[in-house]
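# Examination of the molecular architecture
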Amino acid sequence: MNRDTYTRIVKEVVPKARKKINGVLAFLMGGFISMSAQVINLILEKNTAIVMEDRMIIIMFIYILLAALLTGFGIFDELVQIFGAGLFIPITGFSNAVCSEAMEYKSEGPIYGIGANMFKLAGSVLTYGIFTSIILSLIYSLFI
């Protein structure tokens, strides 16, 4: 089989990318997450005396918990297949990464399984996030 034949077969077999619809779905899911966070914020603001900073922590906790539960029930991955980056990029994606690794290695025990492997996938995110925050805080303290 020559290269042209192989390329033609691959083009026939591989499904076409739905870039426009995927972009719209990701945008809608990201907007829904933001809108629902604002609704929760307004409900907490009207019904409690919780200050803004603490309300934001509560909202992040709600999304982390919801993503962890959806990961545990096997629903999160199906939703990511539909909504893509709109669901995976926010804090919910980080929660999914940690929980899925913990679930995968739970049979090896709480220390050598879950504890040792839980941050394999999310470790680089933590490392570069902490490093970037240190650099940016140094720049901010020196120049602003």
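A quick note: this is a predicted structure, and the numbers were derived from the prediction, not measured. (Residues numbered from 1 in each chain as written. Predicted model: local features only at pLDDT ≥ 70, side-chain atom pairs only at ≥ 80, totals over all residues. Heavy atoms only, no water.)

## Some words on the overall build of the protein
Looking only at helices and strands, the protein features eight helices and zero strands. Of the regular secondary structure in the protein, the N- to C-terminal order runs α-α-α-α-α-α-α-α. When its C-alpha atoms are laid out on the principal axes, the protein stretches across 70 × 45 × 40 Å. Buried residues in the protein amount to 22% of all 144 residues. Put simply, of all contacts in the protein between residues at least 6 apart along the chain, 45% involve residues at least 24 apart. With an accessible surface of roughly 10800 Å², the protein has 71% of that area assigned to carbon and sulfur atoms. Of the charged side chains in the protein, 11 are positive and 10 negative, and the gap between their average positions amounts to 12 Å. (Helix = DSSP H or I, 4+ residues; strand = E, 2+ residues; numbered from the N terminus. Buried < 20%, exposed > 50% of the residue type's maximum accessible area, 1.4 Å probe, protein only. Contact = heavy atoms within 4.5 Å. Areas by Shrake-Rupley, 256 points an atom, 1.4 Å probe, with all protein chains shown as cover. Lys, Arg positive; Asp, Glu negative; His and termini not counted. Charge placed at Lys NZ, Arg CZ, Asp CG, Glu CD.)

## So, helix α3 (residues 52-72)
Between its first and last C-alpha atoms α3 spans 30 Å; for 21 residues at 1.5 Å apiece the expected length is 30 Å, and the two agree. Burial in α3 covers these residues: R55, I59, Y63, A67 and T71. Across the axial projection of α3, the buried residues extend over an arc of 150°, all falling on one side. Residues E53, I57 and F61 are exposed on α3 and point more than 90 degrees away from its buried face. Where α3 is buried, its residues touch α2 (19-47), α4 (76-83) and α6 (91-104). Of the residues one or two after α3, G74 is the one with positive phi, at around 75°. (Expected span 1.5 Å × (residues − 1). Arc of directions from axis to C-beta.)

## Regarding the environment of G115
If you trace the backbone, G115 turns up in helix α7 (residues 110-117). Once the C-alpha coordinates of G115 and G23 are considered, the two residues, 92 residues apart in sequence, prove to be 36 Å apart.

## Regarding the pattern of salt bridges
Counting across every chain of the model gives one salt bridge. Residues R8 and E12 are paired through a salt bridge, measuring 3.3 Å at the closest nitrogen-oxygen approach. Of this pair, R8 and E12 are both found in helix α1 (residues 3-13), four residues apart, which corresponds to roughly one turn of the helix. (Salt bridge = Lys/Arg side-chain N within 4 Å of Asp/Glu carboxyl O.)

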